[in-house]
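Remarks on the overall topology
Here is what each chain is made of, one letter per residue.
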Amino acid sequence: MQTIIEPFRIKSVEPLRHTTLEQREGFLREAGYNLFGIRARNILIDLLTDSGTSAMSTEQWASLMRGDESYAGSDSFYRLRRVADDLTGFRHMLPTHQGRAAERILFTVLCKPGHVVPSNTHFDTTRANIEFTGAKAVDLPIPEAADTQLRLDFKGNMDVTALEALIAREGAAHIPLVMLTVTNNSGGGQPVSMANIEAVSRLSRGHGITFYLDACRFAENAWFIREREPGYADWAPKRIAQKMFSFADGCTFSAKKDAFANIGGFLSTNDDRLALLENNLLILTEGFPTYGGLAGRDLDAIATGLEEVLEPDYLRYRIASTGYLGRHIADHGVPIVEPPGGHAIYIDAGRMLTHIPPSQFPGQALAVELYRHAGIRSVEIGSFMFGDAAQHELLRLAIPRRVYTQSHIDYVVEAILEVNARKSAIRGLEIVEEQPFLRHFTARLRPVTAGATR
Ligand SMILES: Cc1ncc(COP(=O)(O)O)c(C=O)c1O
């Protein structure tokens, strides 16, 4: 059979609410044309993020009931530790309430002013947590990644030559760790090859530098390796993931992605001394080391999710369904970051809306129009989010795991193609009110009036 179906059936449903065009225009005005300000009940299809938005399985709901809420030494902790140990092989696993808590603890222990932390591309919380310690976060993606239209198998790779040059320039003593984000979220959800993981690991360790994975989407990355890298076609995804982790000295992990959990994460390391320091910080802000910031039931659901996510039927469907959205809009003339990534499709709004300059936020204008037209929420990743540091004007359509069916995605495709057909009528936006920090969460905007200068 050629048709790839959702590898699940639906037991419990959550109604979606349709709204009218007039209602949505009202919600947009009230929210200052910022989709973070719109109540979720007024969204029809929510593609804001794939983080914490997964549908849990019957086994995960059963895990919630099994959750052991003992303050210390709960069975749920030991269950998660067994599953995480088997997968990652790291000596220590500290649960945290989400990925950024793991990042904060790791960088507080390892980084200080004068340090530099390279990555293929740091996620924004990773960058912020590194820079909060006074260290500098540096992105070293392969140069080809800058071309959104180029179709490469492993566009999330790190530029190993650039890493070598950075180590020579800064000195290994100033680089407390090297990181790789798998898949590379800020780089379009693109995968990293096993060969690149191995090369970065060898170079880092050769200079005595610790090497970490930001492993949020390790299973999606493993599937891409299976599909695209010679030699892995017959490997189980779990074996590929185990090999990925074997090159690292530790990892940060947000269980809100590839563990299908609504909350949670962990920090792992092979270094006993580091684990001791991390445990002290963990107790200070997250909780006792056998629960981190989580309830026992969450630990249990994460353990179950970590096993489910590696099922080949699920990963085949997951990667194919993201590609389905990407191909159906790209093949009808909508420019996307090519090739489709694992968890999201990124529309190149700068290329699509050439009449809107970056100063009028083409990605945000497209996000607003997609909501106005069809009730779909997405997120801008461009000049509105990053200011002058933006490299592209993108609109991200992140796909929650196991939540939407093919007909939902067909609706999204239809809406995007309709918006694309009359794109010249879309107007840019200007900021009318903003706070200095994280403006994309809180800023209010308005459409630029016709005839305004660029
Ligand atoms: C690559 C990457 N790293 C880290 C994080 C942070 O994880 P959390 O949202 O659980 O704090 C995210 C979240 O989206 C991410 O995509």
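That block above? That's the structure.
What you see as residue numbers is a count from 1 along each chain, following the sequence as written. In view of the model being predicted, local features appear only for residues whose pLDDT reaches at least 70, and side-chain atom pairs are presented and counted only at 80 or more, with totals across whole chains, interfaces and linings using the full set of residues. Hydrogens and waters are ignored; side-chain quantities use all the structure's heavy atoms.

A separate point is a nonpolar patch on the surface. Patches draw on residues past 30% relative accessible area with no salt bridge. Two like charges within 9 Å are joined, as are two nonpolar side chains (Val, Leu, Ile, Met, Phe, Trp, Tyr) within 5 Å. Exposure was quantified through the Shrake-Rupley algorithm and a 1.4 Å probe, taking into account, for residues, occlusion by the shown protein chains and nothing else. Between Lys or Arg on one side and Asp or Glu on the other, a salt bridge is scored when a side-chain nitrogen of the former is within 4 Å of a carboxyl oxygen of the latter. A cluster of nonpolar side chains, contributed by Phe-36, Leu-438 and Phe-441, occupies part of the molecular surface with about 260 Å² of accessible area. Helix and strand assignments follow DSSP, with helices taken as H or I runs no shorter than four residues and strands as E runs no shorter than two, numbered in order from the N terminus. By secondary structure assignment, the location of Phe-441 is in helix H17 (residues 439-442). For every residue, the accessible area (1.4 Å probe, protein chains only) is compared with the maximum for its type, and the residue is labelled buried under 20%, exposed over 50%, or partly exposed between those bounds. Overall, Phe-441 belongs to the partly exposed group, its relative accessible area being 40%.

Attention shifts here to the pattern of salt bridges. Going through the model one piece at a time under the given rule, you end up with 26 salt bridges. Salt-bridge contacts for Asp-249 lead to Arg-205; the nearest nitrogen and oxygen are separated by 3.0 Å. Of this pair, Asp-249 sits in the loop between helix H9 (237-246) and strand S7 (250-254) while Arg-205 sits in helix H7 (residues 194-206), placing them 44 residues apart in sequence. By relative accessible area, Asp-249 is classed as buried at 19%. Looking at Arg-205, the relative accessible area reads 36%, which means it is partly exposed. A salt bridge links Arg-327 to Asp-331, with the shortest nitrogen-to-oxygen separation between them at 3.2 Å. Bridged by salt links that share partners, the residues Asp-50, Arg-217, Glu-220, Asp-258, Arg-318 and Arg-401 form one connected network.

With that settled, the discussion passes to the site of the ligand. Any residue with a heavy atom lying within 4 Å of a molecule or strand is counted as near it. Near the ligand there are 14 residues, and of these Gly-99, Arg-100, Asp-214, Ser-254 and Lys-257 occur at the shortest range. Each polar contact in these results corresponds to two N or O atoms within 3.5 Å; when the atoms are within protein, one needs to be able to donate a hydrogen and the other to accept it, and residues that are neighboring in sequence are counted only if both atoms are side-chain atoms. Take Asp-214: an N or O atom from its side chain is 2.7 Å from a nitrogen atom of the ligand. With respect to the ligand, the side chain of Lys-257 contributes an N or O atom lying 2.8 Å from an oxygen atom. Across the complex, the protein chains shield 96% of the 390 Å² of accessible surface that the ligand would expose by itself.

So, on to the sheet that holds strand S12 (residues 394-398). Two strands are counted as paired when DSSP detects at least two bridges linking them. The three strands are arranged S9-S12-S11 in an open sheet whose pairing can be described as antiparallel. Since the sheet does not close on itself, it has two edges, and those belong to strand S9 (344-348) and strand S11 (379-381), each with one partner. Between one strand and the next, the sheet's axes are offset by a mean angle of 30 degrees, whatever the strand orientation. Bridge count between S11 and S12: three bridges; the pairing is antiparallel. Among the inter-strand pairings, Val-379 is bridged to a residue of S12, identified as Arg-396. Working rule for contacts: check all heavy atoms of both residues, and any pair within 4.5 Å makes them a contact. All axes are obtained by fitting lines to C-alpha atoms, using only the stretch in contact for helices, and the reported angles, taken between N-to-C directions, cover 0 to 180 degrees. On the sheet, helix H12 (residues 312-330) packs against S9 and S12 and is oriented at approximately 20 degrees with respect to S9.

We call Phe, Tyr and Trp rings a pair once their centres come within 6.5 Å, taking the six-membered ring for Trp, and we label the pair stacked below 30 degrees between planes, edge-to-face above 60, and tilted otherwise. Summed over all chains, the structure comprises 13 aromatic pairs. Seen from their ring centres, Tyr-71 and Phe-288 are 5.7 Å apart, and the 40 degrees between their planes marks the pair as tilted. Pair noted here: Tyr-71 is in the loop between helix H2 (58-66) and helix H3 (75-88) and Phe-288 is in the loop between helix H10 (272-285) and helix H11 (296-308), with a separation of 217 residues, a long-range link. Aromatic side chains Phe-218 and Phe-253 sit 5.9 Å apart centroid to centroid with 65 degrees between the ring planes, which places their arrangement in the edge-to-face category. In this pair, Phe-218 sits in helix H8 (residues 218-228) while Phe-253 sits in strand S7, placing the two residues 35 residues apart along the sequence.

This part takes up the pairing of S7. Successive side chains on a regular strand alternate, one facing one side of the sheet and the next facing the other. The buried fraction of S7 is high, at five of five residues. Because side chains alternate across S7, one face comprises the buried residues Gly-250, Thr-252 and Ser-254, and the other comprises Cys-251 and Phe-253, equally buried. Pairing geometry for strand S6 (residues 210-214) and S7, over three bridges, is parallel. Pairing of Tyr-212 across the sheet is with Gly-250, part of S7. Note that S7 and strand S8 (residues 265-269) share five bridges and pair antiparallel. Opposite Ser-254, over in S8, you have Gly-265 as the bridge partner.

Our next topic: empty space enclosed by the protein. Space inside and on the surface of the protein is sampled on a 1 Å grid over the protein atoms alone, with a cavity defined as a set of points where a 1.4 Å probe fits but cannot get out and a pocket as an open set with protein on both sides within 12 Å along at least 5 of 7 lines; lining residues have an atom within 4 Å of a point. Grid points are joined across faces, edges and corners, and a volume is the space filled by probe spheres set on the points. Tallied over the full model, the rule gives one cavity of 30 Å³ or more. Looking at the largest cavity, its volume works out to about 80 Å³. Lining the largest cavity, in full, are Asn-34, Leu-35, Phe-36, Leu-48, Gln-364, Ala-367, Ser-378, Val-379, Glu-380, Phe-384, Met-385 and His-440. Those elements giving two or more residues to the lining of the largest cavity turn out to be helix H14 (362-374), S11 and helix H15 (383-386).

Turning to the nonpolar core, a few remarks are in order. Only buried Ala, Val, Leu, Ile, Met, Phe, Trp, Tyr and Cys residues count toward a nonpolar core, and they belong to the same one when joined by side-chain atoms within 4.5 Å. Membership of the largest hydrophobic core comes to 61 residues, with the highest contact counts inside it found for Phe-211, Leu-213, Phe-218, Met-244, Phe-245 and Leu-306. The dominant element in this core, judged by the number of residues it contributes, is H8, at six residues. Sequence-distant contacts of Met-244, defined by excluding residues within four places in its chain, comprise Val-182, Met-194, Ile-197, Leu-213, Phe-218, Asn-221, Ala-222 and Ile-225. Counting 45 residues, the second largest nonpolar core, distinct from the first, contains Ile-399, Val-412, Ile-416 and Val-419.

To characterise two packed helices, one gives the angle between the axes of the helices and the distance between these axes. Relative to each other, helix H4 (residues 99-110) and helix H5 (residues 124-132) sit at 25 degrees, their axes nearing to 9 Å. One finds that H4 runs roughly parallel with respect to H5. With respect to the hand of their crossing, H4 and H5 are arranged in right-handed fashion. Counting all contacts with H4, which are made through Arg-100, Glu-103, Arg-104 and Phe-107, the residues of H5 involved are Thr-125, Thr-126, Asn-129 and Ile-130. An angle below 35 degrees is read as roughly parallel, one above 145 as roughly antiparallel, one from 65 to 115 as roughly perpendicular, and any other as oblique. Helix crossings fall into two classes, left-handed where the near helix is turned counterclockwise from the far one by less than a right angle and right-handed where it is turned clockwise.

Interhelical geometry of helix H1 (residues 21-30) versus H14 gives an angle of 145 degrees and a closest axis separation of 7 Å. Within the contact between the two elements, H1 uses Leu-21, Arg-24, Glu-25, Phe-27 and Leu-28 and H14 uses Val-368, Tyr-371, Arg-372, His-373 and Ala-374. For this classification, Asp, Glu, Lys and Arg are treated as charged, while Ala, Val, Leu, Ile, Met, Phe, Trp, Tyr, Cys and Pro are nonpolar and the rest, including Gly, are polar. Its residues assigned to classes, the contact of H1 with H14 comprises six nonpolar, one polar and three charged.

Time to look at the pairing of S8. By the criterion of burial, S8 is predominantly enclosed, with five of the five residues buried. The two faces of S8 match: Gly-265, Leu-267 and Thr-269 on one face and Phe-266 and Ser-268 on the other face are all buried.

In this model, H11 (13 residues) spans 19 Å end to end at C-alpha, consistent with the 18 Å of a helix rising 1.5 Å per residue. Counting buried residues in H11 gives 10 out of 13 residues, a clear majority hidden from the surface. If you check which residues of H11 are buried, you get Gly-296, Leu-299, Asp-300, Ala-301, Ile-302, Ala-303, Thr-304, Gly-305, Leu-306 and Glu-308. To estimate how far a helix should extend, the number of its residues minus one is multiplied by 1.5 Å.

Remember that the coordinates give geometry; whether it matters functionally is a separate question.
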